[in-house]
Amino acid sequence: YDKTCTKPWVELDYEIMGNQAKPGSSKVWTNMFVGTCQEHWQFITLPFDVTADFHTYAFVVTPMSVSFVVDGVTYRTIDASGYPDIRGVTQARSLTEFISVWGKT
């Protein structure tokens, strides 16, 4: 991760913000970084309170698309055919996974 935006990287994000979680509906921030800090963000609306139970968050990444999947349901798909760095990391199988938890205790 390059906060200075001087080196290219690929990053896929789900960001769950407590103030966006409500009974019956929650907004979750999704993002795809490519190149040097080129963001492609969008909120997705999930039909449940994300803080009320455990859920499975996944990405389905192919050379042509990136999908954001929650509990087996696809909520967002990005056409990645115009992003050679997505094709590169999928072909090289060089994505690294990690989880960050932000907030107060």
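Cut-off values and rules
- Residues numbered from 1 in each chain as written.
- Predicted model: local features only at pLDDT ≥ 70, side-chain atom pairs only at ≥ 80, totals over all residues.
- Heavy atoms only, no water.
- Phe/Tyr/Trp six-rings, centres within 6.5 Å; stacked < 30°, edge-to-face > 60°.
- Helix = DSSP H or I, 4+ residues; strand = E, 2+ residues; numbered from the N terminus.
- Buried < 20%, exposed > 50% of the residue type's maximum accessible area, 1.4 Å probe, protein only.
- Pairing = 2+ DSSP bridges.
- Axes fitted to C-alpha atoms, helices over the stretch in contact; angles between N-to-C directions.
- Arc of directions from axis to C-beta.
- Contact = heavy atoms within 4.5 Å.
- Lys, Arg positive; Asp, Glu negative; His and termini not counted.
- Salt bridge = Lys/Arg side-chain N within 4 Å of Asp/Glu carboxyl O.

Glancing now at the packing of aromatic side chains. All chains considered together, the criterion is met by eight aromatic pairs. Where Tyr-14 meets Tyr-57, the ring centres are 5.2 Å apart and the plane angle is 65°; that geometry is what we call edge-to-face. In this pair, Tyr-14 is assigned in strand β1 (residues 11-22) and Tyr-57 in strand β4 (residues 57-61), connecting sequence segments 43 residues apart. What makes Tyr-14 buried here is its relative accessible area of 18%.

Taken together, the three strands give an open sheet; going across it, the order is β1-β2-β3, and neighbouring strands pair in antiparallel fashion. Two strands lie at the open edges of the sheet, namely β1 and β3 (38-46), each paired on one side alone. This sheet shows a mean twist of 20° between the axes of neighbouring strands, independent of strand direction. Across eight bridges, β1 lies against strand β2 (residues 25-34) in antiparallel orientation. In the strand pairing of β2, Tyr-14 is matched with Thr-30.

Another point: helix α1 (residues 84-92). Listed as buried for α1 are Ile-86, Val-89 and Thr-90. The buried residues of α1 occupy an angular sector of 100° when projected down its axis, which confines them to one face. Opposite the packed face of α1, turned more than 90 degrees from it, sit the exposed residues Pro-84, Gln-91 and Ala-92. Among the structural elements, β2, β4 and β5 (65-70) are those in contact with the buried residues of α1. Once α1 ends, the next one or two residues include Arg-93, with phi positive near 55°.

Now for the side chain of Asp-13. With respect to the helices and strands, the residue Asp-13 is situated in strand β1. One buried charged residue, Asp-13, forms no salt bridge at all, with the nearest opposite charge on Arg-76 at 9.3 Å.

Even without glycine at this site, Cys-37 takes up a positive phi of about 70°. Among the secondary structure elements, Cys-37 is positioned in the loop between β2 and β3. Despite not being glycine, Arg-93 shows a phi value in the positive range, around 55°. Here Arg-93 is to be found in the segment after α1. Taking the relative accessible area as the measure of exposure, Arg-93 reaches 76% and is therefore exposed.

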